[in-house]
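Breakdown of the fold
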Amino acid sequence: MAFKTNYPPRMTFEWFTYTKEWSQIIDSNQDLHIHMLYYEDLKSNPLGEVSRLAEFLKVEYDDQLIRDITDNCNFESLKQANKVVKATGNPNPEMEDFQNMYRKGEVGD
């Protein structure tokens, strides 16, 4: 089965090449303090990925803090917060397409 996407072939290839190259750089240079976080992993395992990020940042946390973060930062919560911000105007004048900050929030969007 072939991998299908709505993006032009060149754009898809460049993204995968870019991601693969960065993964190789990070793996071969352990002194670089870079944390790779993928949206797909965050969607499928938010508690685990936020915990992994906290560990990378050496932040003390407990299960309740991780649950609070994932609850408050899920896509629906962020969309609601964005509506409140939009009602007060554009907080970042340099962002031209302020009204379309969020897409669908789905993997493969």
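The structure displayed is predicted, hence computed values, not measured ones.

The rules behind the values
- Residues numbered from 1 in each chain as written.
- Predicted model: local features only at pLDDT ≥ 70, side-chain atom pairs only at ≥ 80, totals over all residues.
- Heavy atoms only, no water.
- Helix = DSSP H or I, 4+ residues; strand = E, 2+ residues; numbered from the N terminus.
- Contact = heavy atoms within 4.5 Å.
- Polar contact = N/O pair within 3.5 Å; in protein donor to acceptor, adjacent residues only side chain to side chain.
- Patch = residues over 30% accessible without salt bridge, like charges linked within 9 Å, V, L, I, M, F, W, Y side chains within 5 Å.
- Areas by Shrake-Rupley, 256 points an atom, 1.4 Å probe, with all protein chains shown as cover.
- Salt bridge = Lys/Arg side-chain N within 4 Å of Asp/Glu carboxyl O.
- Lys, Arg positive; Asp, Glu negative; His and termini not counted.
- Charge placed at Lys NZ, Arg CZ, Asp CG, Glu CD.
- Buried < 20%, exposed > 50% of the residue type's maximum accessible area, 1.4 Å probe, protein only.

**Focus on the environment of tyrosine 61**
- Relative to the elements of secondary structure, tyrosine 61 occurs in the loop between helix H3 (46–57) and helix H4 (63–72).
- Spatially, the C-alpha atom of tyrosine 61 lies 8.1 Å from that of serine 51, the residues being ten residues apart in sequence.
- Discounting chain neighbours no more than four positions away, the residues touching tyrosine 61 are Ser51, Ala54, Glu55 and Ile66.
- In this structure the side chain of tyrosine 61 is engaged in a polar contact, spanning 2.7 Å, whose partner is the side chain of glutamate 55.

**Section: a negative patch on the surface**
- Judged by side-chain charge, Asp62, Asp63, Asp68 and Asp71 come together as a negatively charged surface patch.
- Along the chain, the position of aspartate 62 falls in the loop between H3 and H4.
- Exposure remark for aspartate 62: the relative accessible area of 45% places this residue in the partly exposed category.

**Side note on unusual backbone geometry**
- Despite not being glycine, lysine 58 has its phi angle at roughly 60°, a positive value.
- Examined against the element boundaries, lysine 58 turns out to sit in the loop between H3 and H4.
- Using a relative accessible area of 74% as the deciding quantity, one classes lysine 58 as exposed.

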